[in-house]
Structure formats: structure tokens, C-alpha cells
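These are the residues of each chain, in order.
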Amino acid sequence: MIKPLSNRVLVKMEEGEETTKSGIILSNAAKEKTQIAKVLEVGPGEKIDGKLEEMYVKKGDRVIVSKYAGTEVKYENEEYLIVKQDDILAIVE
């Protein structure tokens, strides 16, 4: 498994809808990339001025990730995204 370092978070992006509400099937080029992801692993935090930064997200959370954030990683035929906690905009409840 991938274990993020510092204030980084490992997420897996959720798959977007294949069809519109009216039933129109979208090609891959027409689909907008989803920004909702599931948190798989959370780093320990980062020391700033001798204090450990609190990690606000936890494993299992669904989050909204900034559109162009992170580094895409392919590991064991799965695609993941590693983002800094600052690139997580919200927790979806």
C-alpha cells in the first residue's frame, strides 16, 4: 500500500456518470472529471514552527479535491491521486 508522507493524503477519485439525466451517453472526451474522492490513507502531518499540523481528514472520508491538484500515481493497475491537505476543499457528508 502507499503511505503518504507529511501533510499529504492518498485518494481515489470517484468515477463520473456515463450518461446524462436525460439518457445521453457521454464519450470520455465530453465527461468532466469528477472532483469527489475517497480518502484511502493520511500522512502524519507536517511540523511547522515545532508544532505538528493537524490532519482534518481521515481514512474513509469523501472529499472534494481542487480541480488541478495533486500527483497522479498508478500502482498495481489502480490509479490514485496524492494531494496536500490544503488541496482538499471540503468533506462530503
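Above this text is the structure in question.
Model, not experiment: these values are computed from the prediction.

Draft legend 1. Layout of the environment of Val11. Inspection of the secondary structure assignment puts Val11 in strand S1 (residues 8–13). Contact partners of Val11, with chain neighbours within four places excluded, come to Ala37, Lys38, Val39, Leu40, Val63, Tyr80 and Leu81.

Draft legend 2. Representation of the nonpolar core in the model. Of all hydrophobic cores here, the largest spans 13 residues; its most connected members are Val9, Val11, Val39, Val57, Val63, Val65 and Val83. Breaking this core down by element, the ones donating at least two residues are S1, strand S2 (36–42), strand S5 (62–65) and strand S7 (78–84). If one sorts the elements of this core by residue count, S2 sits on top with 3 residues. Not counting the four nearest positions on each side in its chain, Val39 is found in contact with Val9, Leu10, Val11, Val57, Lys58, Lys59, Gly60, Asp61 and Val63.

Draft legend 3. Main features of the pairing of S5. Side-chain alternation along S5 places Val63 and Val65 on a buried face and Arg62 and Ile64 on a face that remains uncovered. Relative to S5, S2 runs antiparallel, the two sharing 3 bridges. Bridged to Ile36 within S5 is Ile64. As paired strands, S5 and strand S8 (residues 88–92) are joined by 4 bridges and run antiparallel to one another. Paired with Ile64 across the two strands is Ala90, which belongs to S8.

Thresholds applied
- Residues numbered from 1 in each chain as written.
- Predicted model: local features only at pLDDT ≥ 70, side-chain atom pairs only at ≥ 80, totals over all residues.
- Heavy atoms only, no water.
- Helix = DSSP H or I, 4+ residues; strand = E, 2+ residues; numbered from the N terminus.
- Contact = heavy atoms within 4.5 Å.
- Core = buried A, V, L, I, M, F, W, Y, C linked by side-chain atoms within 4.5 Å.
- Buried < 20%, exposed > 50% of the residue type's maximum accessible area, 1.4 Å probe, protein only.
- Pairing = 2+ DSSP bridges.

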